[in-house]
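Listed below are the residues making up each chain.
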Amino acid sequence: MRSIVAGITLVVLAVALLFAAVSIPFGNPAMSDMDDYFIAHGQEQTSANNIVTSIVFDYRAFDTLGEACVLFTAVFGVSVLFRLRKKEEDYEYE
Amino acid sequence: MIDNLPFLVVAITILLGLYTILFRKDLIKMIMGISLLESGVNLFLIALGYRWDSIAPIFTGAPSLAMVMPTVQALTLTSIVIGVATLALLLSMVMVIYRYYRTTDVREVTKLQG
Amino acid sequence: MSDCMSKIIRTTADIMFMFIVVFGFYIVLHGHLTPGGGFQGGAVIATGFILLIVAHKLDDFLGWFKKKAFQNFEMSGLILFIGTALAAIPLGYLFFMNFLSGAGGLFGQVVPYGVNPGFLNTAGTIPIMNIAVGIEVLGGLSIIILYMTSGISNHEEGE
């Protein structure tokens, strides 16, 4: 029963995704005002040649701050999971 | 039709990831499915910003000034970093699960005691 | 991971480690001129450390590089990143303002607009943030793999 429901969901999603894939025009994005502004003015506003870097570290730097915090949180979580336990401190699950 | 080949690849990658998440019973393989889904989304973002006959948005020795959209590439960079962080945390949790249950099969990991 | 690989693999890893680290720092430092940036370069350098972890014994690796060192790398990268962002406020600019761009000092050379061959001393705070994120990702990815590897070896010892 559960696998039948999952299969029906997958088939419906497959039809929807494949229909969307053939109907979106590739290579001609409809709205590109923001990106054209970045390409036209990014070099004189940040004086960096690489527009992607100037977006990552200047225009959308708050995004990068959040990304750095996510990476720090992941490292913190892994170090909590694998911290060295003493022998008698081991959890008992069985 | 053949012009839309990148979007078809995106759709097939996302469907493979969903199939793996829904029908596999092993935690490692489910994580592989999540990673595949993530790759599909990244590829979709990159393919969405492509313009024909354009170059990467870098001015160092650029042969022309027709450039692809840079914002989606910055978003994809953030998405990749978050994907790496999530993958590391998921794999660590699977390692802890394996240490206590001696298996990674989701049908065996059902005991909620402890 | 308890025993090391053969001598060929260890020697190759030792030699490749230097080139990988130099290449990673090149990607980090030229992040505002060529494809690349802080995260990519940091991931490349972390790959070099992971190559050493895989090729050698974990205890040997921990004798060369301490876990504390990678933790300090990550913390100093994050502090440098936020400190560069905060340094704009006492100077009268907004948070995350690119206050060094075109100012003439460090990384402040005025670029000729349009297609140019690329000058290293440009782009204001962007190279500093590239270095900060590069150091942070170096420490973060290395220490994730280090903790996971030591988790495996602790598990094997506890059998």
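Located above this text is the structure these notes cover.
Conventions used here
- Residues numbered from 1 in each chain as written.
- Chains lettered and ligands numbered in written order.
- Predicted model: local features only at pLDDT ≥ 70, side-chain atom pairs only at ≥ 80, totals over all residues.
- Heavy atoms only, no water.
- Helix = DSSP H or I, 4+ residues; strand = E, 2+ residues; numbered from the N terminus.
- Polar contact = N/O pair within 3.5 Å; in protein donor to acceptor, adjacent residues only side chain to side chain.
- Patch = residues over 30% accessible without salt bridge, like charges linked within 9 Å, V, L, I, M, F, W, Y side chains within 5 Å.
- Areas by Shrake-Rupley, 256 points an atom, 1.4 Å probe, with all protein chains shown as cover.
- Salt bridge = Lys/Arg side-chain N within 4 Å of Asp/Glu carboxyl O.
- Buried < 20%, exposed > 50% of the residue type's maximum accessible area, 1.4 Å probe, protein only.
- Contact = heavy atoms within 4.5 Å.
- Nonpolar A, V, L, I, M, F, W, Y, C, P; charged D, E, K, R; others polar.

(A) Layout of the side chain of Ser79 of chain A. If you trace the backbone, Ser79 of chain A turns up in helix H4 (residues 61–81). Of the polar contacts made by the side chain of Ser79 of chain A, one reaches the backbone oxygen of Phe76 of chain A; its length is 2.8 Å.

(B) Focus on a nonpolar patch on the surface. Taken together, Phe72, Phe76 and Val80 of chain A together with Met75 and Ile79 of chain C make up a surface patch of nonpolar side chains, about 480 Å² in accessible area. Contributions of two or more residues to the nonpolar patch are made by H4 of chain A together with helix H4 (67–86) of chain C. Broken down by element, the nonpolar patch gets its largest block of residues, three residues, from H4 of chain A. Mapped onto the elements of the fold, Phe76 of chain A is located in helix H4. Residue Phe76 of chain A is classed as exposed on the basis of its relative accessible area, which comes to 52%.

(C) The interface of chain A and chain B, seen in detail. Listed by partner, the interface residues are 48 residues for chain A and 48 residues for chain B. Between Arg51 of chain B and Asp36 of chain A there is a salt bridge, with its nearest N and O atoms 3.3 Å apart. Where chain A touches chain B, the interface holds 12 residue pairs in polar contact (both at pLDDT 80 or more). With 12 residues, the top contributor of residues to the side of chain A that touches chain B is helix H1 (residues 2–23) of chain A. Residues that form the side of chain A that touches chain B fall into these classes: 28 nonpolar, 10 polar and 10 charged.

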